[in-house]
Amino acid sequence: MNTRLLFCIFSFNRGRFLEHCISTIEQCVPDADIAIFDDESYDEYTRDVLARLAEKHEVLQPGNQSTHKLGGLYGNMQSALEYAADRSLVCFLQDDMQVVRPLASDEIAGFDRTFDENPNLAFLHPCFLKGINRERDVSTLDFNPDLAAYRRSDTGQSAGQYFSAILIVRPSRLLDKGWLFRRNEPENDQQARQHFERIGHLFSPFAMWLPEVPAYRGKRKTLALKLAERARGCGLYPYKIMSEQEVRNLNTRSPDVLPIAEDFLECTNSNLPTPWGYYPMQGSRWLKKLNSLELALRRLFKL
């Protein structure tokens, strides 16, 4: 079984963000393997980026190298899971994310040992926590020293306790259970609950969603989404790669201090309001209603 960490990156029409994501992996985890699963991007710049990346990394698209049926995030995740069947460790990230610090080889070996020592564990979460969820996370996350990770207590929500679309996984553990990714996060969370222990959130995370990123829902932007992106000034705002001292501070803190992004990371755009936002319509009820109305009309008139 190959013990090198494989990053599977899921991409759609965000070439600049994909370039940045891949560059941070190359910088912070230079020994990692990278495979990009693109969901039929039609943006010309993104297609150029994919062509350049294909010169040094695996790029899988419908009708290209892949023999798997791709389409949609969870369909691509299933293809990635099967593609990586013989790998010991795989990390799934999306193109609007980045690796924020160097990831040492002994840490990767530690992930491997964690799966060895916990046969009912399926997923580890590699990301910092979002400041917008600070109050909830403080009240629901408890540190598990055996995992060197946090686990969430029962919140009564339909997702977020057993599964996340952003994850570190040992593929064979899922495939042995006949795992097939479902159409949404609640259904995948329910499937994970049937087979595995709760997901572990790393004590020392190494990745994060980028703030204020343009979004797609169903591959087409609604008017509400376009207005929200303009109002929030959405764009590419990378994080600075953490220094050795910053990583040391992260690793040596008390487990009582949660790894919340705003407390440990620095964005290159210091003018962004905090807590950082990750979805353009976040906090805007009228835009969400307008968005729902347009989507309903599209379905009604099959637009």
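The structure we're discussing is the one just above.
The following paragraphs examine the structure supplied in this document. Remember, predicted model here, so these are calculated numbers, not experimental data. (Residues numbered from 1 in each chain as written. Predicted model: local features only at pLDDT ≥ 70, side-chain atom pairs only at ≥ 80, totals over all residues. Heavy atoms only, no water.)

## Remarks on the overall build of the protein
Per the secondary structure count, the protein includes 11 helices and 11 strands. Taken over the C-alpha trace, the protein has a radius of gyration of 19 Å; the compact-globule value for 303 residues is 19 Å, and the two agree within 12%. If one aligns the C-alpha atoms of the protein with their principal axes, the spans along those axes are about 55 × 45 × 40 Å. Put simply, of all contacts in the protein between residues at least 6 apart along the chain, 76% involve residues at least 24 apart. Counting every atom, the protein has about 14,400 Å² of accessible surface; 48% of that belongs to carbon and sulfur. If the 38 positive side-chain charges of the protein are averaged to one point and the 40 negative ones to another, these points end up 8 Å apart. (Helix = DSSP H or I, 4+ residues; strand = E, 2+ residues; numbered from the N terminus. Rg over C-alpha atoms; globule rule 2.2 N^0.38 Å. Contact = heavy atoms within 4.5 Å. Areas by Shrake-Rupley, 256 points an atom, 1.4 Å probe, with all protein chains shown as cover. Lys, Arg positive; Asp, Glu negative; His and termini not counted. Charge placed at Lys NZ, Arg CZ, Asp CG, Glu CD.)

## Here's the deal with the nonpolar core
Ranked by internal contacts, the top residues of the largest apolar core, which has 54 residues, are Phe7, Ile9, Phe206 and Met208. Here this core takes 6 residues from helix α1 (residues 15-28), the largest share from any one element. Met208 has contacts with Met97, Gln98, Val100, Cys127, Phe128, Leu129, Lys130, Tyr239, Ala261, Leu265 and Tyr278, leaving out every residue within four places of it along the chain. (Core = buried A, V, L, I, M, F, W, Y, C linked by side-chain atoms within 4.5 Å. Buried < 20%, exposed > 50% of the residue type's maximum accessible area, 1.4 Å probe, protein only.)

## As for the sheet that holds strand β4 (residues 90-94)
Read from one edge of the open sheet, 9 strands run β3-β2-β1-β4-β9-β6-β10-β8-β7, paired in mixed fashion. Edge positions in the sheet fall to β3 (58-60) and β7 (141-144), since each of these pairs with one other strand and no more. With strand direction ignored, the average angle separating the axes of adjacent strands in the sheet is 30°. Those strands touched by α1 are β1 (6-11), β2 (33-38) and β4, and its axis lies near 170° from that of β1. The strands that helix α4 (residues 105-117) touches are β6 (123-125), β9 (167-169) and β10 (200-202); relative to β6, the one it contacts most, it runs at about 145°. (Pairing = 2+ DSSP bridges. Axes fitted to C-alpha atoms, helices over the stretch in contact; angles between N-to-C directions.)

## As for the side chain of Thr140
With respect to the element layout, Thr140 can be found in helix α5 (residues 134-140). Only 2.8 Å separates the side chain of Thr140 from the backbone oxygen of Arg136, close enough to count as a polar contact. Contact partners of Thr140, with chain neighbours within four places excluded, come to Arg151, Arg152, Ser153 and Thr155. (Polar contact = N/O pair within 3.5 Å; in protein donor to acceptor, adjacent residues only side chain to side chain.)

## Section: the pairing of β1
Burial analysis of β1 places 6 of its 6 residues in the buried class, which makes it a mostly covered element. Neither face of β1 is exposed, since Leu6, Cys8 and Phe10 on one face and Phe7, Ile9 and Ser11 on the opposite face are all buried. In terms of strand pairing, β1 meets β2 through 6 bridges, oriented parallel. Within β2, the position partnered with Ser11 by the bridge is Asp38. Between β1 and its parallel partner β2, the chain crosses via α1, and the hand of that crossover is right-handed. As judged from the 5 bridges shared by β1 and β4, these two strands associate in the parallel manner. Following the sheet pairing, Phe7 is matched in β4 by Cys91. (Right-handed = clockwise from strand over helix to strand, strands pointing away.)

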